[in-house]
Amino acid sequence: MQHVVCLGLSVLLVYLLGYPQRFDRILLTYFSLILFARFTIGKILFGIFFVIAALYFPAGFYYGSPNVAVVSAIAETNIDEFEEFCSQLSFYFYTIPLLLILVFIVIFRKFPFPKVNNCYLIIFAILLLCYRPIKAIIKYNSNTFTSISSTFIHTVKYPILEFTVSFYDCVKLYLKEKQEQAKQLENNNLIPISSITPKNKTYIIIIGESVRKDYMSAYGFKYINTPFIDKNAYIIWDGLIAPAPHTQASIPHLISESFFPTSKEVNTQLNNNIVSIANQAGFDTYWLSNQGKLGAIEITVPRIAAYAKYSFYTKSGEFNGKSSRGKYDTLLLPELDNILSKNDDNPKLIVMHLIGSHPHFCRRLELPVQFDLNNENISCYVSSIKETDDLIAATIDTLKKYYQDYSVVYFADHGLAHADQYQDLRHNADYQNSYQVPLIFFDSNNQSQLRINKQISGFQFVYLLSKWMGVQLDVKHDYMQHEITEIPEQQNIKVKDWNMNNLYEYDKLKKDPNPFN
C-alpha cells in the first residue's frame, strides 16, 4: 500500500507541473520518495514542493511546464490581473488545488513512507537518473565541468529538478529580454528609407485582440457580426498568419522588423518598428491604447508605443483588472476626434490598440449580448467582435467628419482555440486557428471591394505596413517589392509557440474547427 501511494504521488506530481507523463519521470519521482521521504527533512522538502505543484496546477493545465510567458505573467501581473485570471477558471481549479494541499500536508506529516535498503534498487535508481544525461553528454561531446553539469541538469527527467531549472532559465531569459529591449529603445529606425510618397493624409492601424477570423461574418461566419466590414471594406484578406499565439510575442513581430539567426529561431528588432519608421518619414505619430502600460501581456508593446510622439492610455497600471472594468474601446474615440480636429500639414499615423475580445469576453461588452449561441462565453465572444465592427465604423465616421482622406487597416494579434468542451476559447499554441487572424483595409479613395485568398506570414508585416503608408524601405521582400493586392502567396510559414524565440511549422499544427458555424 505504501508503494502504491508513492507511485500515485509520482504520477500526480508530473501532471500538476504540466509535464507529459513519461516512464522515467514517474519512476525517478517514485524512487526519490521511497528513498528520502522517510526522513524528516525529506518529508518537509517534498511537502513544500508538492504544495507548490498544487498551486501551479491551473497554470500548468493551460500553459504547461514553466516557460517565459508564465514567468512574465508572474513578474508583471498585479493583484487586479491575478483576480481577473482567477475569475476565468472553472470552479474545480479552486477546489482541486486546495484539496490537494490539504492531502499533501496530511500525507507528508502522517504517512509512514516505506524504508528501502535494497542496494540493487538504489543502483537501478541511480542508473535511471544518469542514463539520459550521460547519453546527451556523449552525443554533444561535453568535455568541461561546466558543459557536463549543464547538460546533466537540463536533460535529467526528474520533474522536481526540471521544474526548478526551467523556472530559473526562464527568469534569466525574461530578464535578458527586457534588458535587450530597453537598449533597443535607445535607437531609432535603422532601416534605410528610399522614398516617401503617402497617398492619404491619415493612416490608422487598428490592432484587434484575440480574434480568430472564422468567428467573423466577413469570413463566412453565419451570424452577421461584422456588418460594417462586410459592406464597406476595401480589401478583405483571407490568409494572414499571426506570428505567435499571444499578444506579447505576436504584436512586436507584426509591427517591428524580425531577424532569423537560424531557421528555427527569430528575434525582434524593436527600434525598427512602424512608429519609428513613420517618425523618420515625417509623420506625426499617435498611439491610443485600451490596454495598460504594465501587465501580463504588456511586456514589449508599450516599449514600441513609447516611440509615438503622442500616446494615450485609458488605464495606466494594468490592462485587465478591476480598475479596467467599464473602460471600453470606445473611450479611444474622443481622443481620435481630438487628434483629427487639429489641422496639421504633416501626414498622420494613428495606432489604436484595442482590448477587443480578450478573455473574459463578457466583461468586454459595453452593450447587452447581441447574439445567442446557447453558450454564454461564445455568445459574448461573437458580440465583442460586433462591438469592434461598430468601433471601426465609428472611427471611419470620425475621419469623414473632418473630411480626411484616409486609409485604415485592421488586424488582430492572434486567435484562440476552443476549451472546456467548446464552452470557451483560450490561448493555445497547438492549433492553427490560434494564428488565423483577420486582415482588412478601408480606403477613402477605393469604394469597390476586393477579396484576396492568399496565405501570408505576420513576420516582416512591418514592411507591408510601410508600403501601405507610402514609405518605401530599402529592403528586398515581397511585402515591399509588390503592391499589396499583388503580394504572392507564401509557403512553409513558421510561427512561434509560447517560447520567446523558437519557430515551428504552421502546417503541422492541429485544426480546431468552429462548431458554431
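Note: the structure precedes this text.
Predicted, not measured: the structure shown is a model, and the values here were computed from it.

Cut-offs and rules
- Counting restarts for each chain: residues are numbered from 1 in the order of the written sequence.
- Local features in this predicted model are restricted to residues of pLDDT 70 or higher, and side-chain atom pairs are both shown and tallied only at a pLDDT of 80 or more, whereas totals for entire chains, interfaces and linings draw on every residue.
- Side-chain numbers here rest on the full set of heavy atoms in the structure, without hydrogens or water.
- Fitted lines through C-alpha atoms serve as axes, helices being fitted only where they are in contact, and the angles separating the N-to-C directions of these axes extend from 0 to 180 degrees.
- Put simply, DSSP marks the helices as runs of H or I at least four residues long and the strands as runs of E at least two long, and each gets a number from the N terminus on.
- Handedness of a crossing is defined here by the sense of rotation of the near helix relative to the far one, left-handed for an anticlockwise turn of less than a right angle and right-handed for a clockwise turn.
- Whether two residues touch is decided by their heavy atoms; if any such pair falls within 4.5 Å, the residues are in contact.
- Classification used: nonpolar for Ala, Val, Leu, Ile, Met, Phe, Trp, Tyr, Cys and Pro, charged for Asp, Glu, Lys and Arg, polar for all others including Gly.
- Each residue's exposure class comes from its accessible area (1.4 Å probe, protein chains only) as a fraction of the maximum for that residue type: buried when under 20%, exposed when over 50%, partly exposed otherwise.
- If DSSP finds at least two bridges between two strands, the strands pair.
- Here the nonpolar core consists of buried residues drawn from Ala, Val, Leu, Ile, Met, Phe, Trp, Tyr and Cys, with membership extended through side-chain atoms lying within 4.5 Å.
- The definition used for a disulfide is geometric: two cysteine sulfur atoms within 2.5 Å.
- The patches reported here contain residues having more than 30% relative accessible area and no salt bridge. Joining distances are 9 Å for like charges and 5 Å for nonpolar side chains (Val, Leu, Ile, Met, Phe, Trp, Tyr).
- Method for areas: the Shrake-Rupley scheme with a 1.4 Å probe, in which residue coverage is limited to the protein chains shown.
- One speaks of a salt bridge when a side-chain nitrogen belonging to Lys or Arg is within 4 Å of a carboxyl oxygen belonging to Asp or Glu.

Peer 1: What is the right way to read the packing of helix H1 (residues 2–16) against helix H6 (residues 92–110) from this model?
Peer 2: When two helices pack together, their arrangement is given by the angle between the helix axes and by the axis-to-axis distance. Look at H1 against H6: their axes get within 14 Å of each other, and the N-to-C directions meet at 140°. Judged by the sense of rotation from one axis to the other, the crossing of H1 with H6 is left-handed. Packed against H1, whose contacting residues are Leu9, Leu12 and Leu16, the element H6 presents Leu100, Phe104, Ile107 and Phe108 at the interface. Considered class by class, the residues forming the contact of H1 with H6 number seven nonpolar, no polar and no charged.

Peer 1: What should I look at first to understand the pairing of strand S8 (residues 348–353) in this one?
Peer 2: In summary, the side chains of a regular strand alternate between the two faces of the sheet. Counting buried positions over the six residues of S8 gives six, a clear majority of the element. The alternating pattern of S8 places Lys348, Ile350 and Met352 and Leu349, Val351 and His353 on opposite faces, both of which are buried. As defined by bridge partners, strand S2 (residues 202–208) adjoins S8 across six bridges and the pair is classed as parallel. Of the residues in S8, the one forming a bridge with isoleucine 204 is isoleucine 350. In this sheet, S8 lies alongside strand S6 (residues 284–289) in parallel orientation, the contact comprising six bridges. Within S8, the position partnered with tryptophan 287 by the bridge is valine 351.

Peer 1: Sorry if this is basic, but what is going on with the nonpolar core here?
Peer 2: In globular proteins that are soluble, nonpolar side chains generally tend to be buried together. Formed by 95 residues in total, the largest nonpolar core has its most connected members in Ile205, Trp287, Phe411 and Phe442. Every residue in contact with phenylalanine 411, bar those within four places of it in the chain, is listed here: Ile205, Ile206, Ile207, Gly208, Leu240, Leu254, Ile255, Pro438, Leu439, Phe461 and Leu465. Counting residues in hydrophobic clusters, the runner-up holds 42 residues, among them Leu13, Leu17, Ile34 and Tyr62.

Peer 1: Looking at this model, I keep getting lost on the state of the cysteines. Mind explaining?
Peer 2: Note: disulfide means a covalent bond formed between the sulfur atoms of two cysteine side chains. Summed over the entire model, instances satisfying the criterion amount to one disulfide. In this model, cysteine 362 is linked to cysteine 380 through a disulfide, with the two sulfur atoms separated by 2.1 Å. Sign of the S-S torsion, about 90° for the bond between cysteine 362 and cysteine 380, identifies this disulfide as right-handed. Placement of cysteine 362 in the loop between S8 and helix H15 (376–401) and of cysteine 380 in helix H15 is noted, with a sequence separation of 18 residues between them.

Peer 1: Help me understand the environment of leucine 288 in this model?
Peer 2: Position of leucine 288 among the secondary structure elements: in strand S6. Given the relative accessible area of 0%, leucine 288 is considered buried. For the pair formed by leucine 288 and leucine 336, sequence separation is 48 residues and the distance between their alpha carbons is 8.0 Å. Those residues in contact with leucine 288 that lie beyond four places of it in its chain are Tyr310, Phe312, Leu332, Glu335, Leu336, Ile339, Ile350, Val351, Met352 and His353.

Peer 1: Explain a nonpolar patch on the surface to me, please; I cannot follow it from the model alone.
Peer 2: Among the surface-exposed residues, Phe36, Phe39, Ile41, Ile44, Leu45, Ile48 and Ile52 lie close enough to one another that they form a single nonpolar patch of about 690 Å² accessible area. Mapped onto the fold, leucine 45 is located in helix H3 (residues 40–63).

Peer 1: Honestly, unusual backbone geometry in this entry has me stumped. Any pointers?
Peer 2: Trans peptide bonds make up most of the peptide bonds, and negative phi angles are found at most residues other than glycine. Histidine 360 follows proline 359 through a cis peptide bond whose omega is 5°. Inspection of the secondary structure puts histidine 360 in the loop between S8 and H15. With phi around 60°, serine 210 is a residue other than glycine that occupies positive phi space. Secondary-structure assignment places serine 210 in the loop between S2 and helix H10 (227–232). By relative accessible area, which is 0% here, serine 210 ends up buried. For aspartate 420, which is not glycine, the phi dihedral falls at a positive 55°.

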